[in-house]
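# Overview (structure and organization)
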Amino acid sequence: MTSRAEPRSGPGRRLTLALVACALMLGGPATRLLAEDLGAARQAMARAKEYRARGDNRAARIELMNAIKAAPRLPAARIAQARVFLSLFDAAGAEAELGRAIELGADRNIVRAPMAEALLLQGRADAALAWLSEGPVPAGDAGFAARTSGRAHLALGNMDAARASFDRALQFAPDDSMLWTDIARFRVASGDQAGGVEAADHAVKLNGGNVRALQLRGYFLQAVLAARAGKYSLARNLIQKTGGALERVPAVMQVEGVVEFQLGNYRQAIDRFEKLADAQPYNRRASELLARALYAEGEHETLLARFRGVANQGGTSAYLLTLVARSLEAIGEGAQATDYLARAAEPDTAPMVRLAEADEPWMLADAARAAPRDARAVIPYVRMLVANGDFVQAAEFAEPLAEANPGVPDAQMLLGDVRFAAGNAAAALPLYRRAAEIRLSEPVVRRLSLALRETGRADEADALLVRFVGYSPANTGGLRLLANAYIDRGNWPGAILTLGALHARLGNNQPLLLADLALARLRSGDEATAAHDARLAYRVQPANTLATHMRGLTLTGQGGQAMVAVEMLEKAGAKNPRNPWLRYHLAQAYAEAGKTAQAVGALRASLALGAFPERPQAAAMLRELQDG
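Residues numbered from 1 in each chain as written. Predicted model: local features only at pLDDT ≥ 70, side-chain atom pairs only at ≥ 80, totals over all residues. Heavy atoms only, no water.

### A look at the overall build of the chain
The cut-off we apply is this: Strands here mean DSSP runs of E at least two residues long; helices mean DSSP runs of H or I at least four residues long; both are numbered from the N terminus. For the area figures, the Shrake-Rupley method with a 1.4 Å probe applies, and any residue is considered shielded solely by the protein chains shown.
Counting its secondary structure elements, the chain contains 36 helices and zero strands. Total accessible area computed for the chain in this model is approximately 30,400 Å², and 52% of it derives from carbon and sulfur atoms.

Okay, here's the thing in structure tokens:
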């Protein structure tokens, strides 16, 4: 009998059907074959690749959505979509897709580079570096991973590691416009303004549509020029047009802070300067800007908490000392302010040799050896060595830093300072010139003009100062340098003009300025105005040696004021007994007061102390008194 067996029913049959249904519900092999259309997915991925090649990432995103819909368990589609999300700056979306790809069995090595980028874009630089350190990446991702590593290290302030990563990225992608944009940001963050502009220019040359490079090259540099011209609202608008792309760059923080300060927004200025000071703890200018903003906002206790300890150390600027003193006065501690004001009044005789670091010498040395091309690590140690007179060791650290950072003015200045402090102004001169070619700033100009004078090029130094004042007329430091040059050369009309401009800008609360103005006017024959300026200087700061000196000098020869002049000049002489110029002026006051013996003694002391501009007149006066 030939017959077909009938289908059986019963518990066994029902159990089989139940297991199949369960497998389908759980997504087993059967459901993958039925639910995923791999052919459609791969076709959509191919179209997405074509769109990406044309720069149309949004169209590529849609095609990859179709691919994932067709084959939701295909890891390659998820990874491709993550890369598109990164191009659209959707870092969270990229991280989610990459996480799903790993769950579906994707190789972590393939996921590594885009995952690190996704984490970095969300501000998680440490996590990005952790991912990159886990293992290798595919050859095609080597440049991408190196660039991400460089940006992560830059975000964390690891400048040497960032430099090494960017150098490695260039080996794989020398013509990557976005990589050159990152290098531009790195150079600006390192203080290499010229190198930053050069890198940004190269990025634009490689891709004229690179918005971030255009922002760096265009809006930021225009903002700097606008700020220098006093157009602060325009400067702020230009910075805002960068869309925050440069907000972590120290140079941008400084410009933003200055702009907000000049617009009277002191709280916003404090925020910018705090970030700048934290990012560059050895940047003296950043500290002074922050202190100025805190003072303007009335945050005197905060200012003292942050800067009083600094002011207690040697080498602190007169500006910061004055701000600390004024804040002490503001909180009712005027008696404690006196010492800071007295220190601020004395000229800084060694402006390039500073030791203001609280760290132990071995800590500074270890930091410098660990990062020999990082200015933040090297500069404090070199300063300590120079302060201790160890110029050979200082040069061993300053030279590699200058060679590794040819476009960073601070690196060139540091080596120049080592040469100058060692007594070799001729060797310091080319280094200061190189720094000036990169950026003509006040610290560079001060050093270069001093080195020029030391090497017998006084006329060139004067021309440099005139050029700098013309280039940056709002810079009071430049005007002061020019005024000092006029005083040294005996150009009293030029000194009066320059000092008068400073006086109009800074007001009557500047004793050294008023004292110099009194001297210039006295030498020009305007005795009445000179006496007025000297009186103001002494009133502002009676402990100031120069103000006291000028007060006594302008009173000498004024009928009935001889003994007051003697009193002032004796007071100044007690604080500065080895100043031959002051001794000569004291002798003049003694002679006018009828104290011939004291006058002769003061003249002999002045002539014994060395050279000074009025030495011939002092010698002639001594002969006259002795003959009489």
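Now that the structure has been shown, we can carry on.
### As for the packing of helix α34 (residues 580-592) against helix α36 (residues 615-627)
Condition: For helices, the fitted line uses only the C-alpha atoms of the stretch in contact; every axis is such a line through C-alpha atoms, and the angle between N-to-C directions lies from 0 to 180 degrees. We call a crossing left-handed when the near helix sits turned anticlockwise from the far one by less than a right angle, and right-handed when that turn is clockwise. Two residues qualify as a contact provided that any one of their heavy atoms is within 4.5 Å of a heavy atom in the partner residue. Each residue is assigned to one of three groups, with Ala, Val, Leu, Ile, Met, Phe, Trp, Tyr, Cys and Pro labelled nonpolar, Asp, Glu, Lys and Arg labelled charged, and all others, Gly among them, labelled polar.
Across the interface, α34 lies against α36 with an axial gap of 10 Å and an inter-helix angle of 35°. Helix-helix and strand crossings are classified by hand; for α34 and α36 the assignment is left-handed. Here Y584, A587, Q588 and A591 of α34 lie close against α36, whose contacting residues are Q617, A618 and M621. Residue composition of the contact of α34 with α36, grouped by class: five nonpolar, two polar and no charged.

### Re the confidence of the model for the chain
Rules: Along the chain, pLDDT gives the predictor's confidence residue by residue, from 0 to 100.
The predicted model of the chain has a mean per-residue pLDDT of 82, with 86% of residues at 70 or higher. Contacts of residues 1-34 to residues separated by more than four positions or lying in other chains number eight contacts, the stretch itself having pLDDT below 50. Note that residues 347-359 has pLDDT below 50 and, in this model, 27 contacts with residues that lie over four places away or in other chains.

### A short note on the environment of H585
Stated precisely, the cut-off is as follows: Partly exposed residues are those whose accessible area sits between 20% and 50% of the maximum for their type, while under 20% is buried and over 50% is exposed, using a 1.4 Å probe and protein chains only.
Turning to its location among the elements, H585 is positioned in helix α34. Residue H585 is classed as buried on the basis of its relative accessible area, which comes to 1%. C-alpha of H585 to C-alpha of G552: the two residues are 33 residues apart in sequence and 8.4 Å apart in space. Dropping the residues within four chain positions of it, H585 is found in contact with R523, H549, L553, L569 and E614.

### Observations regarding the side chain of E260
Applied cut-off: Polar contact is defined as a pair of N or O atoms within 3.5 Å, subject to the rule that within protein one atom must be able to donate a hydrogen and the other to accept it, and that residues adjacent in sequence are counted only when both atoms are side-chain atoms.
Secondary-structure assignment places E260 in helix α15 (residues 250-262). For E260, a relative accessible area of 7% gives the class buried. Reaching out from E260, the side chain makes a polar contact with the side chain of R236 at a distance of 3.3 Å. In this view, E260 contacts R236, N265, Q268, A269 and R272; residues no more than four positions away in its chain are not counted.

### Some thoughts on unusual backbone geometry
Although it is not a glycine, F89 sits at a positive phi angle of roughly 60°. One can find F89 in the loop between α5 (75-87) and α6 (91-103). Looking at F89, the relative accessible area reads 52%, which means it is exposed.

### Observations concerning the nonpolar core
Inclusion rule: By nonpolar core is meant a set of buried Ala, Val, Leu, Ile, Met, Phe, Trp, Tyr and Cys residues that side-chain atoms within 4.5 Å join together.
Judged by nonpolar contacts, the single largest core of 64 residues is most densely connected at Y432, V445, L448, L499, L519, M550 and L603. Residue contributions to this core peak at eight residues, all from helix α30 (residues 511-523). The contact partners of V445, leaving out residues within four places of it in the chain, are L440, L464, L465, F468 and L481. Membership of the second largest hydrophobic core comes to 28 residues, among which are M253, L304, L323 and A344.

### A closer look at the packing of aromatic side chains
Inclusion rule: When two rings of Phe, Tyr or Trp (its six-membered ring) have centres within 6.5 Å they constitute a pair, described as stacked for plane angles under 30 degrees, edge-to-face for angles over 60, and tilted for the intermediate range. Two conditions define a charge located above a ring, namely a distance within 6 Å from the ring centre to NZ of Lys or CZ of Arg, and an angle within 35 degrees of the ring normal.
In this structure the tally under the stated criterion is four aromatic pairs. Between Y584 and F612, the ring centres sit 6.3 Å apart and the planes meet at 40°, which makes this aromatic pair tilted. Of the two residues, Y584 is situated in helix α34 and F612 in the loop between α35 (596-608) and α36; the sequence distance between them amounts to 28 residues. Overall, Y584 belongs to the buried group, its relative accessible area being 5%. Overall, F612 belongs to the buried group, its relative accessible area being 10%. Seen from the ring of F261, R292 lies directly overhead, with NZ or CZ sitting 4.1 Å from the centre.

### Comments concerning the side chain of H549
Relative to the assigned elements, H549 resides in helix α32 (residues 545-555). Classification of H549 as buried rests on a relative accessible area of 2%. Of note is the side chain of H549, whose polar atom sits 2.8 Å from the side chain of H585. Look past the residues within four positions of H549 in its chain and what remains in contact with it is L569, A572, W581, L582 and H585.

### Structural notes on the packing of helix α28 (residues 476-489) against α30
Running from N to C, α28 and α30 point in directions that differ by 35°, and their axes come no closer than 11 Å. With respect to the hand of their crossing, α28 and α30 are arranged in left-handed fashion. Together, R480, N484 and I487 of α28 and L512, L513, D516 and L519 of α30 make up the contact between the two elements. Of the residues contributing to the contact of α28 with α30, the split by class is four nonpolar, one polar and two charged.

### Quick notes on the environment of P577
You can see P577 is positioned in the loop between α33 (562-575) and α34. A relative accessible area of 41% means that P577 is categorised as partly exposed. Sequence spacing of P577 and S606 is 29 residues, and the spatial spacing of their C-alpha atoms is 9.7 Å. Not counting the four nearest positions on each side in its chain, P577 is found in contact with R583 and L609.

### Considering α36
Residues that lie three or four places apart on an α-helix share one face, since the helix turns once every 3.6 residues. Heads up, the condition is: For a helix, the expected span equals 1.5 Å multiplied by the residue count minus one. Of all possible arcs, the one meant is that of the directions from the helix axis to the C-beta atoms.
An ideal rise of 1.5 Å per residue puts 18 Å on 13 residues; α36 measures up with 18 Å between its terminal C-alpha atoms. Listed as buried for α36 are A618, M621 and L622. Along the long axis of α36, the arc covered by the buried residues comes to 100°, so they all point the same way. Facing away from the buried side of α36 by more than 90 degrees, the exposed set consists of P616, E624 and D627.

### Describing α30
Taking 1.5 Å per residue as the helical rise, α30 with its 13 residues ought to reach 18 Å, and the 18 Å between its terminal C-alpha atoms agrees with that figure. The buried fraction of α30 amounts to eleven of the 13 residues, a majority that puts the element mostly inside the structure. Within α30 the residues assigned to the buried category are P511, L513, L514, A515, D516, L517, A518, L519, A520, R521 and L522. Residues of α30 that are buried sit in contact with α28, α29 (492-506), α31 (527-540), α32 and α34. G525 occupies a position one or two residues after α30 and carries a positive phi of about 95°.

### Thoughts on the environment of L276
Assignment of secondary structure puts L276 in helix α16 (residues 266-279). For L276, a relative accessible area of 1% gives the class buried. In this structure the C-alpha to C-alpha distance between L276 and M253, which are 23 residues apart in sequence, comes to 6.0 Å.

### Considerations on the pattern of salt bridges
This is how the line gets drawn: Salt bridges are defined by distance alone: a side-chain nitrogen of Lys or Arg within 4 Å of a carboxyl oxygen of Asp or Glu.
Under the counting rule described, the total for this entry stands at 26 salt bridges. Across the pair R151 and D182 runs a salt bridge whose closest N-O atoms are separated by 3.8 Å. In this pair, R151 sits in helix α9 (residues 142-156) while D182 sits in helix α11 (residues 177-189), placing the two residues 31 residues apart along the sequence. R151 sits in the buried class, given a relative accessible area of 13%. Judged by its relative accessible area of 6%, D182 falls in the buried class. Residue R236 pairs with E260 through a salt bridge whose shortest N-O separation is 3.3 Å. Of this pair, R236 sits in helix α14 (residues 232-240) while E260 is found in helix α15, placing the two residues 24 residues apart along the sequence. Ionic contacts of the salt-bridge type, sharing partners, join the residues E117, R147, R151 and D182 into one network.

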